[in-house]
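Descriptive structure summary
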Amino acid sequence: MSNKPITLAEKLWRDHLVVKGENGAPDLIYIDLHLIHEVTSPQAFDGLRLAGRELRRKDLTIATEDHNTPTQDIHLPIADLTSRTQVQALRDNTAEFGVRIHSLGDKNQGIVHVVGPQLGLTMPGLTIVCGDSHTSTHGAFGSLGIGIGTSEVEHVMATQTLPLAPFKTMAINVEGTLRPGVSAKDIILAVIAKITASGGQGYVLEYRGSAIRSLSMEGRMTICNMSIEAGARAGMVAPDQITFDYLEGRPHAPTGADWEAAVQYWKTLQTDEGAVFDAEIFIDADNLDPFVTWGTNPGQGVSLMDSVPDPSSISDSSERAAAERALEYMDLRPGTKMKDIPVNTVFLGSCTNARIEDLRAAAAVVKGRKKADGVRMMVVPGSAMVRLQAEAEGLDKVFKDFGAEWRFAGCSMCLGMNPDQLGVGERAASTSNRNFEGRQGKGARTHLVSPVVAAATAVRGTLSAPSDLEA
Amino acid sequence: MEKISVFEGVAAPLKRSSVDTDQIIPAVYLKRITKTGFEDGLFAHWRAQEPDFVLNQKVFQNAEILVTGPDFGTGSSREHAVWALRDFGFKAVFSPKFADIFRGNSGKQGLIAGVISESDMEAIWAAIDANPGIQAKVDLPAQLVTIGELSVSFEIDEYTKWRLTEGLDDIGITLQNEAAIAAFEAKREAWRPKTLPAKGV
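Okay, the overall build of chain B next. Broken down by element type, chain B carries 8 helices and 7 strands. Expressed along its principal axes, the backbone C-alpha trace of chain B runs to roughly 65 × 40 × 25 Å. In chain B, which comprises 201 residues, the proportion classed as buried is 55%. The contacts in chain B between residues at least 6 apart in sequence include a share of 68% that link residues at least 24 apart. Summed over its atoms, the accessible surface of chain B is roughly 8,100 Å², and 50% of this surface lies on carbon and sulfur atoms.

Moving on: the overall build of chain A. The number of helices and strands found in chain A is 15 helices and 19 strands. Against the globule reference of 23 Å for 471 residues, chain A gives a C-alpha radius of gyration of 22 Å, in line with a compact fold. Along the longest, intermediate and shortest principal axes, the C-alpha atoms of chain A span 60 × 55 × 45 Å. Residue burial in chain A is summarised as follows: out of 471 residues, 66% are buried.

Let's shift gears to the pairing of strand S7 (residues 144-147) of chain A. Walk down a regular strand and you will see the side chains alternate between the two sheet faces. All names here are of chain A. Covered by surrounding structure in S7 are Leu144 and Ile146 together with Gly145 and Gly147, the residues of both alternating faces. One ladder, built from 4 bridges, connects strand S6 (residues 127-130) with S7; its direction is parallel. Counted as the bridge partner of Ile128 is Gly145 from S7.

This brings us to the state of the cysteines. Residue and element names in this part refer to chain A. Overall, the coordinates contain 0 disulfides over all chains when judged by the stated rule. Its sulfur unpaired, Cys414 is 6.0 Å from the next cysteine sulfur, which belongs to Cys351. Its relative accessible area of 5% is what places Cys414 among the buried residues.

Let's shift gears to the environment of Gln88 of chain A. Here Gln88 of chain A shows up in helix H3 (residues 81-97). Each C-alpha atom, one on Gln88 of chain A and one on Glu38 of chain A, is 8.6 Å from the other, the two residues being 50 residues apart in sequence.

Next up on the list: the interface of chain B and chain A. By a frequent convention, interface size equals the accessible area lost on bringing the separate parts together. Contacts between the two partners involve 65 residues from chain B and, on the opposite side, 85 residues from chain A. Both sides together, the interface formed by chain B and chain A hides about 5,900 Å², and carbon and sulfur atoms give 56% of it. Among the residues of chain B in contact with chain A, Lys31, Trp191 and Thr195 of chain B are the three that bury the most area, contributing 14% of the side total. Counting across the chain B and chain A interface gives 9 salt bridges. Salt-bridge contacts for Arg56 of chain A lead to Glu178 of chain B; the nearest nitrogen and oxygen are separated by 2.8 Å.

Here we take up the packing of helix H6 (residues 184-195) of chain A against helix H8 (residues 217-225) of chain A. Residues and elements named next belong to chain A. The contact between H6 and H8 brings their axes to 8 Å, and the two run at 20°. Put simply, H6 runs roughly parallel to H8. The chirality of how H6 crosses H8 is right-handed. From H6, Ala184, Lys185, Ile187 and Ile188 reach across to H8, where they touch Gly219, Thr222 and Ile223. Partitioning the contact of H6 with H8 into residue classes produces 4 nonpolar, 2 polar and 1 charged.

Here we take up the nonpolar core. For soluble globular proteins, nonpolar side chains are generally found buried alongside one another. With 108 residues, the main nonpolar core has Phe399 of chain A together with Phe43, Phe72, Leu85 and Ile112 of chain B as its most contacted residues. A total of 7 residues in this core trace back to one element, the largest contributor, which is helix H15 (residues 451-460) of chain A. Leaving out residues up to four positions away in the same chain, Phe43 of chain B has contacts with Leu14, Val19, Gln23, Ile24, Phe53, Leu55, Leu66, Phe72 and Leu85 of chain B. In this structure, Ile31, Leu144, Val153 and Tyr207 of chain A belong to the second largest nonpolar core, which totals 87 residues.

For the rest of this paragraph, the subject is empty space enclosed by the protein. Residue and element names in this part refer to chain A. Under the definition given, this model contains 3 cavities of 30 Å³ or more. There is about 210 Å³ of room inside the largest cavity. His67, Asp132, His134, Leu415 and Arg439 are, among the 24 residues lining the largest cavity, the residues nearest its centre. Looking at side-chain class alone, the lining of the largest cavity contains 8 nonpolar, 12 polar and 4 charged residues. Roughly 50 Å³ of volume is contained in the second largest cavity. Around the second largest cavity, the lining residues are Leu35, Ile62, Ala63, Thr64, Val112, Val115, Gly116, Leu119 and Leu121. Those elements that place two or more of their residues in the lining of the second largest cavity are strand S4 (61-64) and helix H4 (112-118). Each residue belonging to the lining of the second largest cavity can be placed in one class, and the counts come to 7 nonpolar, 2 polar and no charged.

The next point concerns the pattern of salt bridges. All chains considered together, the criterion is met by 40 salt bridges over all chains. Between Arg192 of chain B and Asp32 of chain A there is a salt bridge whose closest N-O contact spans 3.1 Å. Of this pair, Arg192 of chain B sits in the segment after helix H8 (178-186) while Asp32 of chain A sits in the loop between strand S2 (27-30) and strand S3 (33-36), each in a different chain. Judged by relative accessible area, Arg192 of chain B falls into the buried class, the value being 7%. Classification of Asp32 of chain A by relative accessible area gives buried; the value is 0%. The residue Asp80 of chain A makes a salt bridge to Lys31 of chain B at a minimum N-O spacing of 3.4 Å. Of this pair, Asp80 of chain A sits in the loop between S4 and H3 while Lys31 of chain B sits in the loop between helix H1 (21-24) and helix H2 (44-49), each in a different chain. Residue Lys31 of chain B is classed as buried on the basis of its relative accessible area, which comes to 8%. Each of the salt bridges in this network shares a partner with another, and the network as a whole consists of Arg56, Arg57 and Asp59 of chain A together with Glu178 and Glu185 of chain B.

Moving on: the sheet that holds strand S17 (residues 405-406) of chain A. Strands pair in a sheet through their backbones, by hydrogen bonds, and they do so in one of two ways: parallel or antiparallel. Residue and element names in this part refer to chain A. Across the sheet, 5 strands lie side by side as S17-S16-S15-S18-S19; this open sheet has parallel pairing. The open sheet has two edge strands with one neighbour each: S17 and strand S19 (445-448). Note that strand S15 (residues 345-348) and strand S18 (residues 427-430) share 3 bridges and pair parallel. Of the residues in S18, the one forming a bridge with Phe347 is Ser430.

What counts, and at which threshold
Residues numbered from 1 in each chain as written. Chains lettered and ligands numbered in written order. Predicted model: local features only at pLDDT ≥ 70, side-chain atom pairs only at ≥ 80, totals over all residues. Heavy atoms only, no water. Helix = DSSP H or I, 4+ residues; strand = E, 2+ residues; numbered from the N terminus. Buried < 20%, exposed > 50% of the residue type's maximum accessible area, 1.4 Å probe, protein only. Contact = heavy atoms within 4.5 Å. Areas by Shrake-Rupley, 256 points an atom, 1.4 Å probe, with all protein chains shown as cover. Rg over C-alpha atoms; globule rule 2.2 N^0.38 Å. Pairing = 2+ DSSP bridges. Disulfide = S-S within 2.5 Å. Buried area = accessible area lost by both parts, 1.4 Å probe. Salt bridge = Lys/Arg side-chain N within 4 Å of Asp/Glu carboxyl O. Axes fitted to C-alpha atoms, helices over the stretch in contact; angles between N-to-C directions. Parallel < 35°, antiparallel > 145°, perpendicular 65-115°, else oblique. Left-handed = near helix turned anticlockwise from the far one by under 90°. Nonpolar A, V, L, I, M, F, W, Y, C, P; charged D, E, K, R; others polar. Core = buried A, V, L, I, M, F, W, Y, C linked by side-chain atoms within 4.5 Å. 1 Å grid on protein atoms, 1.4 Å probe; cavity = no way out; pocket = protein on both sides within 12 Å on 5 of 7 lines; lining within 4 Å. Points joined across faces, edges and corners; volume = space filled by probe spheres on them.

Below is the structure:
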């Protein structure tokens, strides 16, 4: 074996290589864990049936229902017929092919990227795929999490492998100490603003540096989750004691000698001293402000202390045109202070920011306060387990006393495939991951924010930081 | 999959950059469980809200070739974006830059995602503006788009090009490596997780 220093991503690649591609063919990579949900799987199951193929490794596959599921009255049949049909198709398909499923009402149901880690199925050193671009979330554990399309879902079902072209590597160095009120979400929004929404194309990102090392697993998941918003195929953080402590004792975490063997291997999952990344950027955590988006792609973000930028100051012509179009859609004028922008709705949820730590942080801000008049706040836990834990801690009561709606788990208003949608022209501060045109509802306007900014915004009615609130 | 070689069709210009897959097909259209019939979802918001939107113009209603600005297909991994383009009648999309997942999905479904330079994109747009409804010829083996007097080359990775010109199914190719997959599986460590039997339920 060569002693050339290599990066974390390259180690994962090396350890999953089934067949090395020759003459321009991609490498064949083994997949350790396949996560499935109702939206991107029905046509893949159909493909298997048509070809008379088996699902090769049902013991490496797990399904949950999240995109279509309602977040209230979950004991009733799903009202929307097409949503109900799609969820039923997942239930029928998983039964036919022998795949484990966590359905609405089950305590392990929830957003697929919240469920995997909480069950202890997501762990360092794995290749994890899902027909969902936010599979990058799982990279927080030092695994390679890749979002795939439905043809690839079928490919993994049939072969437990994927033909993949090698990626380039980019180091995202975040050094320093975050100030109070600044969180993982602000780091990743600042990263995407810096490298743009397509700056990560062709790369696996590795988040490094003291600010990353001091983050909890929840914070690391928030950051890796949005790697795709920079166009990257994956984002990773090398595992450390924080990772091992999070995993130990979870239902599917290894035990006994297996745990010892695993930790021994996991400790080798670091980028070697002297390894060279194809690209490298630096972010100063000490001086980072809360970040918010003003436009219609996640790279169009600024400090919350700043103003809406003037497109005429952008030199690249297609970026300038995109900014002009974004401001028109968002109904914003250059120079408007971000903190002067009023919202109708605050959404605390999604695979980016609906874990227990996110709910705790937001609850701490709203506790003992009253919601601004005319603002609606929805709190949607990332999974049924997160909801139960939050209720055990009394967070549901904090949110309800504040005037927020306390909902059941799912993707909800992040993409509005269920009834949770914004109306035409409505404006939201949202802890989700995409501010695309129409993403949260036809004609709806989205500002991406952190959980504490979402909470402070619900108090004041305009985009706000916790430090803007009276003591 | 059908073999792709040379074909002609109407070329339509989409003069926008950063077209994410939520714009190509909004989430509400993803609830279907079939793999065809997604044409009504293609650019649904833009077609509904903008009377002048390119695909609302009569000359482009049968377009088969789309020439778009950079960063096409960003965001969600939904393959429905490719199905919607295909079901509308598109056989090829050309852009200076594609998002990775979209480009991969295209290759699996027989939609050419060809990379052209920004200046060639501008030149093709100008050629279409001068003669709306003009036919373009796409030559996959030669990696050329010809429109009137203009002929530009496009990039596509060699492996995808080979699969498209031969009409090969990816899964079939992979299954030829069955012995290597089985050998890899035999060596996997015991600590790697299994979803069955279910724990924590």
